[in-house]
Amino acid sequence: MPSEAWSSLGFSRLGGVLSAAVLLVLAQPPFDLFPLAVVALVPLAIAVGSLPDNPSGAWTATVLGGAFGSAYWGWTLVWIPAVVAPHFSWAYPGYLLLLSILVLLSALCGRLIHAFHGAFGLTLGLALPLAWVGVEWAKAHFPFGLAFPWMGLSLGFSSQPDLLGVAEWIGESGVSFWLAGVNGMIAMAVMKTRVGKGRRAWAGAALALFIPAVLGLSRARTLPLSPGPTVAVVGTRVPAELRVRPDLAGAEAISQVLGSVGSLVPGAADLVVIPEGTIPVSIQAEQAAGLLEDLIFFSGAVEAPVVFGGLGGDGPGQVGAGLTNSAFLLSYPPSDESRAAIQVYDKARLVPGMESGSYRRGGRQSVFVAGDWTYGPLVCYESLFGGSARRAKTTGAEVLINLSSDIWFGHEGSLVGSLFLTQHPAHLVLRAIETRSPVVRAANGGFSFLLDPRGHKASETVSGEGDVVRNELTVYEGKTLFIRTGDWVGPVCALLSASVLFLVGMGYRRRVGTGRF
């Protein structure tokens, strides 16, 4: 790093990017101070945008981006070493590897902001969102099984789903582009105000913020919804310590599920959903037979089909034997050919590190049909991927169902433990709005709830042993633009970012001017 870069770094710039990291943390779950989402990146944009367009400035921008990433991701993912480590030996090295990748991507973001703004002369209102979303897309498509679309900028508005309404047109990447663009325009306004020219910039930032927000609010209030299925969710809390004894873990999960029978009026639900891993061995294994019989009994007692999580594949029941993390549907009433017809969905997106060495990617990505309704399963981590929800919708799903097991990642009673437990389900708000679908979440040790197609809670949130929530869902019968086109904002930003890096690496510099706000 050139010595001039060290001198231009400065405590004010470094303090600015660290304050940006703090503001972004506070904007997102579990703090949910959503107004901060439109100003959190302003200190970062000002720090990078005020750098000279020369190699020293480029180096400084890269360091500032890395400093931001270290502070932001270091805290956001602190639950990995603090909470996961007692259960999984990979937690410490996994945290360091993931943090290193994310810090490097954040450093790349700083470099890209500088290149877009300095070498190409784009305003910060364009430079910041192009760089930010390009890096977000890269993070979500990282190779080697390390794709990690965790906590995008759009999650800053997850507590206010009506403000996210434009997601049905432009997806999560588009929302991040919008919010980053507003941050960049506010940064421009601050910098211009310092030289007495900020009035128009503030007006532009206000319009950029309020027009999409008002469109979202209007859409939420006018969205045509029809009556949908009545769905019940049973939450469980099987202690993580039982994972070394799958037979005991399965027995405890089934015991909690059976204990909820008294809370469910027979025939009052079109579907009952219980969490991921309820049967923690291959359902073809001998030790699964009794657990499966209990679930068949449960289905008969509540007079409804049941979706549950378990292990599929051809292995004998031990992890690492070609098993899949799967969701299953027990049909009700039973078919003539068997006591319960079973539909299967295999998880396609494996959690980096935690599952990629234990399970294999499944080949059965079907939707579930129960009665008059079609359901699209998303197992645990798949809730982070807009493309997975879109695939379910394009294959006929009317309702999205997410099965998860969050017991490894903390307890809602502690600040660090609550990070994962609130961050993980917040992504489903985006999935509901992008596809305008109701969402059902059943979790072991986490939060279970139902969302309507506007991203609003359609039920109380529960987390406990055999807790039950039930509600009649509403459905949107149309197809959103996001379902029709998919994510195009992210790939475009990533392509432009790659092109800019190439051109700057080849020595491109614009010929006139010294940079615009």
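Look up: the structure comes first, before these words.
Since this is a predicted model, take the numbers as computed values, not measurements.

### Some points on the sheet that holds strand β8 (residues 373-379)
Ordered by their spatial adjacency, five strands build an open sheet running β7-β8-β9-β10-β11, and the pairing between neighbours is mixed. In the strand order of this sheet, the two ends are held by β7 (368-370) and β11 (449-451), each with one partner. Here the average twist between neighbouring strands, direction ignored, is 25°.

### Describing the nonpolar core
Core analysis: the largest hydrophobic core is formed by 108 residues, its most contacted members being Phe68, Leu77, Trp79, Trp132, Trp150 and Trp178. It is helix α6 (residues 91-119) that contributes the most residues to this core, 14 residues altogether. With residues near it in sequence (within four places) discarded, Phe68 still touches Val17, Ala20, Ala21, Leu24, Leu41, Leu44 and Trp132. Counting residues in hydrophobic clusters, the runner-up holds 25 residues, among them Val273, Val399, Ala442 and Ala458.

### As for helix α15 (residues 489-505)
In this model, α15 (17 residues) spans 24 Å end to end at C-alpha, consistent with the 24 Å of a helix rising 1.5 Å per residue. Listed as buried for α15 are Val489, Gly490, Cys493, Ala494, Ser497, Val500 and Val504. The buried residues of α15 occupy one face: seen down the axis, they fall within an arc of 125°. Exposed residues pointing more than 90 degrees away from the buried face of α15 are listed as Leu495 and Phe502. On its buried side, α15 packs onto α6, α7 (124-140) and α8 (167-193).

### Comments concerning the packing of α8 against helix α9 (residues 199-222)
Two numbers describe how α8 lies on α9: the axes approach to 7 Å, and their chain directions differ by 155°. In terms of axis orientation, α8 runs roughly antiparallel to α9. Regarding α8 and α9, the two cross each other, and that crossing is left-handed. Contacts between α8 and α9 involve Glu168, Trp169, Trp178, Val182, Met185, Ile186, Met188, Ala189, Val190, Lys192 and Thr193 from the former and Ala201, Trp202, Gly204, Ala205, Ala208, Leu209, Pro212, Ala213, Leu215 and Arg219 from the latter. Here the residues of the contact of α8 with α9 are counted per class, giving 16 nonpolar, two polar and three charged.

### What to know about the packing of aromatic side chains
Under the defined criterion, the tally for this structure stands at 13 aromatic pairs. Ring geometry for Phe148 and Trp150: centres 5.8 Å apart, planes at 15°, overall stacked. Like Trp150, Phe148 is buried. Aromatic ring contacts, followed pair by pair, group Trp79, Phe148, Trp150, Phe409 and Phe420 into a single cluster. Just above the ring of Phe385 sits the side chain of Arg349; from NZ or CZ to the centre is 4.0 Å. One cation-aromatic arrangement involves Lys457 over Phe449; the distance from NZ or CZ to the ring centre is 4.7 Å.

Thresholds, definitions, all that
Residues numbered from 1 in each chain as written. Predicted model: local features only at pLDDT ≥ 70, side-chain atom pairs only at ≥ 80, totals over all residues. Heavy atoms only, no water. Pairing = 2+ DSSP bridges. Helix = DSSP H or I, 4+ residues; strand = E, 2+ residues; numbered from the N terminus. Axes fitted to C-alpha atoms, helices over the stretch in contact; angles between N-to-C directions. Core = buried A, V, L, I, M, F, W, Y, C linked by side-chain atoms within 4.5 Å. Buried < 20%, exposed > 50% of the residue type's maximum accessible area, 1.4 Å probe, protein only. Contact = heavy atoms within 4.5 Å. Expected span 1.5 Å × (residues − 1). Arc of directions from axis to C-beta. Parallel < 35°, antiparallel > 145°, perpendicular 65-115°, else oblique. Left-handed = near helix turned anticlockwise from the far one by under 90°. Nonpolar A, V, L, I, M, F, W, Y, C, P; charged D, E, K, R; others polar. Phe/Tyr/Trp six-rings, centres within 6.5 Å; stacked < 30°, edge-to-face > 60°. Lys NZ or Arg CZ within 6 Å of the ring centre and 35° of its normal.

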